[in-house]
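Chain by chain, the residues:
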Amino acid sequence: MTARKIIIDTDPGQDDAVAILLALASPEEIEVLGITAVAGNVPLALTVKNARIVCELAGKTDVPVFAGCDAPLTRPLVTAEHVHGKTGLDGPVLPDPEMPLQEQHAVDFIIETLRAEPAGTVMLCPLGPLTNIATAFDRAPEIAGRVQEIVLMGGAYFEVGNITPAAEFNIYVDPEAADIVFKSGAPITVMPLDVTHKALVTKARNDGFRALGTPVGRAVAEMTDFFERFDKEKYGSDGAPLHDPCVIGWLLRPELFSGRRINVEIETGSELTLGMTVADWWGVTDRKANALFIGDVDADGFFDLLTERLARL
Ligand SMILES: [Ca+2]
């Protein structure tokens, strides 16, 4: 099997960091062509820094990291320091990165890569607001048809919202961008809160990371320690949900997940429900399916995979 070629579009974020580590730990299955940073959990200056901190933590300093859009298409940026801390990667103490940031803009990298690689061979893995992807599709509409698949973390149906009562953070921050992506015609797999809230870092799972006894294992344990305070207080849950790693987990072990192929539309008009993913889970409309919307995960299988892969770094 040849490795799938992916671009990780991200706003790290502790859970983004774990997703990047999982991908970089799996070179037999996944070739990371580049990491494109976007403003989201924290401003762009921090996400470009954090992406490189994570590459250096993984010992993969040859992965090119690109800076992308610093604000949503039409709205002011909303960030989530209340969840991720001031740096976006609060928890472990990690050194500032030494590896360079690429000079090329992330959007140009996405466009050029999709034009240069054979059609249907590059996957996009957005882990943050969809601003970079939508900007690329807007500037070069033909590339949407060359994407093998978009596997993204965002949205919710049964879990409804986390940043507002009706919306999940990534979609809420840039609903116009999400609307462009969901209408693009590219094949889409969605990891909504419905599934990521089942991928909880319990104490035993966190102990498993720490017990790896490696810098990566320790850092991941400290990141999820920090991250979980918020969710424990908010939801009374057993631990932090690892939202973004579900995207990479799906690439590695799709059999751990299940969902439905349905229509998903993005609310861009209403102030009350802005950024809601209107997911036709029950098939009550005749709107055409445009996404595979994941609803469940074998959490034990997922954490076994994650821990086993992190041990390789
Ligand atoms: Ca993220």
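Along each chain, the written sequence defines residue order, and numbers are assigned to residues from 1. Reporting of local features is limited, given that this is a predicted model, to residues whose pLDDT is at least 70; pairs of side-chain atoms are given and counted only at 80 or more, and all residues count toward the totals for whole chains, interfaces and linings. Side-chain metrics in this entry use all non-hydrogen atoms of the structure; hydrogen atoms and water are not considered.

**Focus: the overall build of the protein**
- On a plain count of helices and strands, the protein comes out with 12 helices and 12 strands.
- When we talk radius of gyration, it's over C-alpha atoms, and the globule rule is simply 2.2 Å times the number of residues to the 0.38. By the compact-globule yardstick of 20 Å for 313 residues, the protein fits well, its C-alpha radius of gyration being 18 Å.
- Across its three principal directions, the C-alpha atoms of the protein cover 50 × 45 × 40 Å.
- Exposure classes here rest on a 1.4 Å probe applied to the protein chains alone. A residue is buried below 20% of its type maximum, exposed above 50%, and partly exposed in between. Scored against the burial criterion, the 313 residues of the protein give a buried share of 60%.
- Contact between two residues is taken to exist if any of their heavy atoms lie within 4.5 Å; hydrogens are not considered. Counting contacts in the protein only where the partners sit at least 6 residues apart, residues at least 24 apart contribute 81% of the total.
- Methods summary: accessible areas were calculated by the Shrake-Rupley approach with a probe of 1.4 Å, and residue burial reflects only the protein chains presented. Carbon and sulfur atoms provide 51% of the accessible area of the protein, an area that totals close to 12100 Å².
- Charge assignment in this entry is limited to Lys and Arg as positive and Asp and Glu as negative, and neither His nor the chain termini are counted. Charged side chains are reduced to one point each, which is NZ for Lys, CZ for Arg, CG for Asp and CD for Glu. Of the side-chain charges in the protein, 26 are positive and 46 negative, and the distance between the mean point of each set is 3 Å. Under the DSSP-based scheme used, a helix requires at least four consecutive residues in state H or I and a strand at least two consecutive residues in state E, with every element numbered from the N terminus.

**What about the environment of Glu 117?**
- Locating Glu 117 in the fold gives a position in the loop between helix 4 (106-116) and strand 4 (122-126).
- Sequence separation between Glu 117 and Lys 5 is 112 residues, and the spatial gap between their C-alpha atoms is 9.5 Å.
- If near-sequence neighbours (up to four positions away) are discounted, Glu 117 is found in contact with Lys 5, Val 122 and Arg 146.
- Residues adjacent in sequence count toward polar contacts only when both atoms are side-chain atoms; beyond that, a polar contact is any pair of N or O atoms within 3.5 Å, and within protein one must be able to donate a hydrogen and the other to accept it. Reaching out from Glu 117, the side chain makes a polar contact with the side chain of Lys 5 at a distance of 2.6 Å.

**Some details on empty space enclosed by the protein**
- We place a 1 Å grid over just the protein atoms. Points where a 1.4 Å probe fits but has no way out form a cavity, open points with protein on both sides within 12 Å along at least 5 of 7 lines form a pocket, and any residue with an atom within 4 Å of a point lines it. Grid points are joined across faces, edges and corners, and a volume is the space filled by probe spheres set on the points. Under the criterion given, the structure shown has 1 cavity of 30 Å³ or more.
- By volume, the largest cavity amounts to about 240 Å³.
- Lining the largest cavity are 23 residues, and of these Val 83, His 84, Asn 162, Phe 169 and His 243 lie nearest its centre.
- Only helix 1 (14-24), helix 3 (81-84), helix 6 (169-173) and helix 10 (215-235) provide two or more residues apiece to the lining of the largest cavity.
- Here the lining of the largest cavity gets 5 residues from one element, more than from any other, and that element is helix 10.
- In the scheme used here, Gly and all other residues not listed as nonpolar or charged are polar, with Ala, Val, Leu, Ile, Met, Phe, Trp, Tyr, Cys and Pro taken as nonpolar and Asp, Glu, Lys and Arg as charged. Here the lining of the largest cavity is built from residues that sort into 9 nonpolar, 7 polar and 7 charged.

**Some details on the sheet that holds strand 4**
- At least two bridges found by DSSP between two strands is the condition for calling them paired. Here we have 8 strands laid out as an open sheet, ordered 3-2-1-4-5-6-12-9, and mixed in their pairing. Among the strands making up the open sheet, the edge pair consists of strand 3 (65-67) and strand 9 (257-262). The mean inter-strand angle of the sheet, taken between neighbouring strand axes irrespective of direction, is 25°.
- Of the strand pairs in this sheet, strand 9 and strand 12 (residues 291-297) are connected by 6 bridges, and their pairing is antiparallel. Opposite Ser 258, over in strand 12, you have Asp 296 as the bridge partner.
- Simply put, an axis is a line fit to the C-alpha atoms, just over the touching stretch for a helix, and the angle between two N-to-C directions goes from 0 to 180 degrees. Set on the sheet, helix 1 makes contact with strand 1 (4-10) and strand 2 (30-37); between it and strand 1 the angle comes to about 165°.
- Contacting strand 1, strand 2, strand 4 and strand 5 (147-153), helix 5 (residues 131-139) runs over the sheet at an angle of about 135° to strand 4.

**Considerations on the packing of helix 4 against helix 5**
- Running from amino to carboxyl end, helix 4 crosses helix 5 at an angle of 55°, the nearest separation of the two axes being 9 Å. With respect to helix 5, the axis of helix 4 lies oblique. Where helix 4 crosses over helix 5, the handedness of that crossing is right-handed. Together, Ala 106, Val 107, Asp 108, Ile 110 and Ile 111 of helix 4 and Asn 132, Ile 133, Thr 135, Ala 136 and Arg 139 of helix 5 make up the contact between the two elements.
- Across the contact of helix 4 with helix 5, the residue classes tally to 6 nonpolar, 2 polar and 2 charged. We call two directions roughly parallel when the angle between them is under 35 degrees, roughly antiparallel when it is over 145, roughly perpendicular when it lies between 65 and 115, and oblique otherwise. Handedness of a crossing is defined here by the sense of rotation of the near helix relative to the far one, left-handed for an anticlockwise turn of less than a right angle and right-handed for a clockwise turn.

**Observations regarding the layout of surface pockets**
- Size it by volume and the largest pocket reaches roughly 170 Å³.
- Taken together, 13 residues line the largest pocket, and the ones lying closest to its centre are Phe 182, Gly 185, Lys 288, Ala 289 and Asn 290.

Geometry only, nothing functional implied.
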